[in-house]
Amino acid sequence: MEQGLLELWHSTGLYNFTLGQLLMIAVGGGLIWLAIAKGFEPLLLIPIGFGGILANIPVAGIAGPDGLLGILYNAGIETGLFPLLIFMGVGAMTDFGPMLSRPSLIILGAAAQFGIFFTLFGAIAMNLVPGIEFSMADAAAIAIIGGADGPTAIYVGSQLAPDLLGAIAVAAYSYMALVPIIQPPIMKLLTTEEERQTKMTQLRHVSKREKILFPLLLLGVTLILLPAATPLVGMLCFGNLLKECGVVDRLSSTAQNELINIVTIFLGLSVGGKLEADKFLSAETLGILALGMVAFSIGTAAGVIMGKIMYRVTGGQVNPLIGSAGVSAVPMAARVSNKIGLQANPQNFLLMHAMGPNVAGVIGSAVAAGVLLAVVG
Amino acid sequence: MEQGLLELWHSTGLYNFTLGQLLMIAVGGGLIWLAIAKGFEPLLLIPIGFGGILANIPVAGIAGPDGLLGILYNAGIETGLFPLLIFMGVGAMTDFGPMLSRPSLIILGAAAQFGIFFTLFGAIAMNLVPGIEFSMADAAAIAIIGGADGPTAIYVGSQLAPDLLGAIAVAAYSYMALVPIIQPPIMKLLTTEEERQTKMTQLRHVSKREKILFPLLLLGVTLILLPAATPLVGMLCFGNLLKECGVVDRLSSTAQNELINIVTIFLGLSVGGKLEADKFLSAETLGILALGMVAFSIGTAAGVIMGKIMYRVTGGQVNPLIGSAGVSAVPMAARVSNKIGLQANPQNFLLMHAMGPNVAGVIGSAVAAGVLLAVVG
Amino acid sequence: MEQGLLELWHSTGLYNFTLGQLLMIAVGGGLIWLAIAKGFEPLLLIPIGFGGILANIPVAGIAGPDGLLGILYNAGIETGLFPLLIFMGVGAMTDFGPMLSRPSLIILGAAAQFGIFFTLFGAIAMNLVPGIEFSMADAAAIAIIGGADGPTAIYVGSQLAPDLLGAIAVAAYSYMALVPIIQPPIMKLLTTEEERQTKMTQLRHVSKREKILFPLLLLGVTLILLPAATPLVGMLCFGNLLKECGVVDRLSSTAQNELINIVTIFLGLSVGGKLEADKFLSAETLGILALGMVAFSIGTAAGVIMGKIMYRVTGGQVNPLIGSAGVSAVPMAARVSNKIGLQANPQNFLLMHAMGPNVAGVIGSAVAAGVLLAVVG
Amino acid sequence: MDINALLIESLQLLGLGMGAVFIILVLLIGLISIVARIVPAEVTAPTGVVASGVDPQHLAAISAAIHQHRKKGN
Amino acid sequence: MDINALLIESLQLLGLGMGAVFIILVLLIGLISIVARIVPAEVTAPTGVVASGVDPQHLAAISAAIHQHRKKGN
Amino acid sequence: MDINALLIESLQLLGLGMGAVFIILVLLIGLISIVARIVPAEVTAPTGVVASGVDPQHLAAISAAIHQHRKKGN
Ligand code: NA
Ligand code: NA
Ligand code: NA
């Protein structure tokens, strides 16, 4: 009898907990609180936070190789399957129309990727801080947070630095949720009141056929110049083709509803499984959080500055505020551009104009991911 | 030519059938008949019955390691994935409100688990019958039938006694379907007419915030005291959090519809794949069926007796009839409590009061499963 | 710096393309064009075409063992999982009522399978052409194109001749889309104006119970006589039982909607992954395309000729035009029968009569597949 | 295996295959016809009620209970 | 292990198991009751608005912009 | 690899990366503009009908047949 009791006692959490695990359970709870009470990207942060709690339960081994989270991780994250399927769903949900109607604005989505590559440099420079050691692969995985795109960050992170994946995903989604707080001061600092008041002309009509051709065009350019980006860009294009072609609506609907929901649950839980105490509670995580903030800020600034250049070049036809939307974080960043524009001029609706750079930013960061995977991976 | 004909003849079922396989095909057909004509848990028993037929087809090897059922079994049952995902869906479908509004009734859901542990003892005692040999792991896997909860039984069975899984699943779901026949005589035997006529006061209002906090609370208690129960309890809590938090409705909807449907099909078929003749047609199966009935009856009785104790302690504020709902078998057992209550007093609506012990019984048997996995597994 | 540039250049598609890959990307684009602009089976040919493009991108290795398409292929095609799940969905979508109401017409669905076995002979004879070498397994995999049933062709192809799978799937779905062009001349050639004008009597009512019993009956006959056909036939029957039994509507709905959609996306992409240049651009592919056309034509002719025999035997109660629907290609072939019938007599509605042989053809080709797998596999 | 042997084998397979297809489908025709004769004509499909395992009065009682409960809060 | 030892072990497990179930569920009753007392009464659930991360004026502006855009083409 | 070499490599990557992003997206701008000029204006989208592979009369006939069939039983 005593032996049985002892066995049971030895199998309690009380007997087995480490301080780190308790802290991580609090971190998981904190993410869930941010998601529910503050609206921080709940679709991802609730599963990630809950996965983080499950991963830090002693004895149970839920994130171990034979546990639920470990099995899901090996099947879907290590292989890249989950982020690629999410990207397909994103493609099936994205209307590239606003971008096609004024393609020149795509350049804003390119400029904002400066945040990624500047952060790569910053992460390497951080090695000068004692206690932090980032390899080139680590640095690249962290830098991609600046892409402000969840599945891209998880895909690159899982390929280049799986040990940092938990922190990278948490940083990426948290900062995406914080876009309405991070971006406005930078946007206002870099623009004049006159620039912000700029009204933009109405968008031209985009035909169905242009929309069908676009994903094939994008895939074509990518496969010729940067095949390493084709898994991500390819699935985005595939999803978008399902949506736009108009003859496979049942597949398109499944890709953007049930399938992406199922994969989101699995992806969130298994990414949360990477929030293990010994990996997460380290100086590296603080570095990742700091660098992620730098990446978002620099990306926003680069987009706005490119917006100012276009404002000059076009003789005032482009409102620089839509430049910040180039970081992606669809559609939050475009909404922020719209909001700041309305503050300057209550008749100034920038939302649809900002959607162009916004979705271009998704493509831009997928391309940047391809460069990182090709050179560093 | 003759050789070809001979080859084809040797590949017919007629040439290869064993008597056992024919019997098992009849058993599979019988389960399908019970499901369709008698309404026995059709969501599970149709896939299980059909899987049982497929598994006993000679030559085809559908339940073998390279066959459809074998592949599904290895991917989803051996790993625990399928029952855990079902449990997530159950969490997303369950309203714990009636239980939260009067938490003291949870004690009824604890008492009914006596059926499990008594049956464990009974299964070991059955070793005295010649021809039957149950190890402690076998006994534990059989006893969990008394939990009256399908996914819990399948999860524990697959971990502790995969060879008995087919019989355990069939017994669990059959007896759950038979709850309206098994429980009433026991309930009437143990209660007086006066007790059965007891009306219960109306339930207090439960706030949204209490409902959101509950799954986190339950997970917290479980991870501190019994980590071995956290895979099951954790997924139940995760599903319930998705439902109650109100900010991820698309995930909650997928968890309780498409995802649970897909997994139910796969789980049913692969559990059916365990209905192989040489495993199922044995004295053990008869023992399992007998013990399962004992487990259900003892659990029901224990719940009712605890109900009688509460009736006394509270001075007649608790109707003992709701005690039987503590075995789980949601929502059938609660309906039975309601029905017997109405027979005693046509104004006596016990349904919502019985839902409290009913869902508490799900938690109770998941906890019991944790104890069995921790000590025996 | 130069090294970095060189690395990037060496990782471009431009540097790495082979002529074959460019051709195959054009083939993939061509399939997508046929699907969108010409309505060629878009649900399958868009994923297959897109998968074909992705598979031929140099460097990226998307169809390799660690790439998305390779992983999906290994998980779902090599194991047979995807085509079997599609078949389950087909079962859940098929109403066998018209077939049950006049079972004698099933014989037309048997006759049309002559296309399969004649083509098997033709494929072996093709070995006389220099440069083409088909083993018996190759020939069987090609012949099944004549079954005019996509999942059956993919299932048999993946088991007997995985290297030819891409070409076989493309041929099968293309010819299924071309049924309205391939069949009419053959039908008109083989029938007289008088035969084509034959009106058929109205179908008898089929009770719910007959519909529920049918899938079990079909499975019973198959498992006794040809167990090798039971994976395919079994899943068809399982899906149909889910649909007809009326007590598991949520499973039936999932099987014929979300689940089949998800699997269609995965199956299409991974079959497209088999459109690799070195496998597809060969004399064998031309042979497969030629033989597929032969198979469809012979199958159509055999069905019509059997129709003429039934016309004679029944004293003009069967319109021979419905014989061509026996090849399957549901519901296109039945529509073609109806259309040609209307041309001969504007009051002559053959659609529901042709649905009988049409769905019988699905069973017929699954049985034929079982013979091929049993003898050749 | 030389081409002639293969040709002969494929001809045999033609016979075997069409034979198997016809035997199975003809058997199916027979069984369907037998079932059609045996199975009684439809009697307004009582399966639905049996399947839910609940009789109508019971259902009414449940709805009443839920209704009453909802009205009073929660 | 002989049958007697097994029987004793299973009796122990009966005690341990029911003990664990009761301890956990009784603890749960306590916690639920505490939470029920601590958590403030509902204040017309403001979570919905917070969760979407957008204030109502903002939403109005967005809808206006989309409406205007749609009206003008595309 | 010492920190200086890493810093230089990361600076190179900055140049390469932004170069690649700009080249690809500028090329995309060009191609989109060309497509926009080449593709003819919309002509009430006839794709829908072609896609279904059935002409309207045919569809009418089918519906008529189904309707007639349904009316008569089954
Ligand atoms: Na981006
Ligand atoms: Na229970
Ligand atoms: Na066929």
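Here, the structure is the one placed above.
Cut-offs applied
Residues numbered from 1 in each chain as written. Chains lettered and ligands numbered in written order. Predicted model: local features only at pLDDT ≥ 70, side-chain atom pairs only at ≥ 80, totals over all residues. Heavy atoms only, no water. Helix = DSSP H or I, 4+ residues; strand = E, 2+ residues; numbered from the N terminus. Buried < 20%, exposed > 50% of the residue type's maximum accessible area, 1.4 Å probe, protein only. Areas by Shrake-Rupley, 256 points an atom, 1.4 Å probe, with all protein chains shown as cover. Rg over C-alpha atoms; globule rule 2.2 N^0.38 Å. Contact = heavy atoms within 4.5 Å. Lys, Arg positive; Asp, Glu negative; His and termini not counted. Charge placed at Lys NZ, Arg CZ, Asp CG, Glu CD. Salt bridge = Lys/Arg side-chain N within 4 Å of Asp/Glu carboxyl O. Polar contact = N/O pair within 3.5 Å; in protein donor to acceptor, adjacent residues only side chain to side chain. Nonpolar A, V, L, I, M, F, W, Y, C, P; charged D, E, K, R; others polar. Least-squares fit on C-alpha atoms with pLDDT ≥ 70 in both. Donors = N, O, S within 2.8 Å, 3.2 Å for Na, K, Ca; no water.

Colleague: Requested: an account of the overall build of chain D, with residues and values cited.
Modeller: A tally of regular secondary structure across chain D gives three helices and zero strands. Starting at the N terminus and walking to the C terminus, you meet the elements of chain D as α-α-α. Residues classed as buried in chain D amount to 32% of the 74 residues present. For chain D, the exposed area adds up to about 4,300 Å²; of that, 69% sits on carbon and sulfur atoms.

Colleague: Give a description of the overall build of chain A that names residues and reports values.
Modeller: Across its full length, chain A carries 22 helices and zero strands. Here the C-alpha atoms of chain A give a radius of gyration of 22 Å, agreeing with the 21 Å that 2.2 N^0.38 yields for 377 residues. Taken across its 377 residues, chain A has 71% of its residues classed as buried. Taking the contacts inside chain A whose residues are at least 6 apart along the sequence as the reference set, 78% of them involve residues at least 24 apart. When the 17 basic and 20 acidic side-chain charges of chain A are each reduced to a single mean position, those positions are 19 Å apart.

Colleague: Please provide a residue-by-residue account of the interface of chain C and chain B, values included.
Modeller: Every contact between the two is made by 34 residues of chain C and, on the other side, 38 residues of chain B. Connecting chain C to chain B are zero salt bridges. In this assembly, chain C and chain B are joined by three residue pairs in polar contact (both at pLDDT 80 or more). Counting residues per element, the ones that place at least two in the side of chain C that touches chain B are α6 (81-93), α15 (208-225), α16 (230-245), α17 (249-256), α18 (258-272) and α22 (351-375) of chain C. With nine residues, the single largest contributor to the side of chain C that touches chain B is α16(C). Its residues assigned to classes, the side of chain C that touches chain B comprises 28 nonpolar, four polar and two charged.

Colleague: I'd love a proper account of the interface of chain A and chain F, names of residues and values included.
Modeller: Each partner contributes to the interface: chain A provides 44 residues, whereas chain F provides 29 residues. Where chain A meets chain F, there are zero salt bridges. Linking chain A with chain F are zero residue pairs in polar contact (both at pLDDT 80 or more). In terms of residues, the side of chain A that touches chain F owes the most to one element, helix α15 (residues 208-225) of chain A, which gives nine residues.

Colleague: Quick one: what's the story with unusual backbone geometry, residue by residue and with numbers?
Modeller: In this structure, A:Pro331 follows A:Val330 across a cis peptide bond, with omega equal to -5°. Within the element layout of this structure, A:Pro331 appears in the loop between α20 (283-313) and α21 (332-344). One non-glycine residue, C:Ala148, lies in the positive phi region at around 55°. One can find C:Ala148 in the loop between α10 (136-143) and α11 (150-160). A relative accessible area of 2% means that C:Ala148 is categorised as buried.

Colleague: Lay out the relation of the copies chain C and chain B in plain terms, naming residues and giving numbers.
Modeller: Overlay of chain C on chain B (RMSD 0.0 Å): rotation 120°, translation along the axis 0.0 Å. Look at the turn and shift together and you get a three-fold axis relating the two. The position closest to the rotation axis in chain C is occupied by the C-alpha of C:Glu258, lying 4.0 Å away. Counting the interface residues of chain C, we find that no more than 6% of their copies in chain B are interface residues as well, pointing to two distinct contact surfaces.

Colleague: Outline the coordination of the sodium ion (ligand 3), listing residues and values.
Modeller: Geometry sets the ideal angles at a metal, namely 109.5 degrees for four tetrahedral donors and 90 or 180 degrees for six octahedral donors. All names here are of chain C. The coordination sphere of the sodium ion (ligand 3), as far as protein atoms go, consists of Gly 147 (O), Val 327 (O), Ser 328 (OG), Gly 361 (O) and Ser 365 (OG), spread over 2.1 to 2.8 Å. Read in sequence order, the donor residues coordinating the sodium ion (ligand 3) give the pattern G-x179-V-S-x32-G-x3-S. Of this pair, Ser 328 sits in the loop between α20 (283-313) and α21 (332-344) while Gly 361 sits in helix α22; the two residues are 33 residues apart in sequence, bridging distant segments of the chain. For the pair shown, Ser 328 and Gly 361 are each scored as buried.

Colleague: Hey, could you go over the coordination of the sodium ion (ligand 2) for me, with residue numbers and the actual values?
Modeller: All names here are of chain B. Summarising the metal site, the sodium ion (ligand 2) is bound by the protein donors Gly 147 (O), Val 327 (O), Ser 328 (OG), Gly 361 (O) and Ser 365 (OG), whose distances to it range over 2.0 to 2.8 Å. Considered as a linear motif, the donors of the sodium ion (ligand 2) on their single chain read G-x179-V-S-x32-G-x3-S. Judged by relative accessible area, which is 1%, Val 327 ranks as buried. With relative accessibility at 0%, the residue Ser 328 sits in the buried group.

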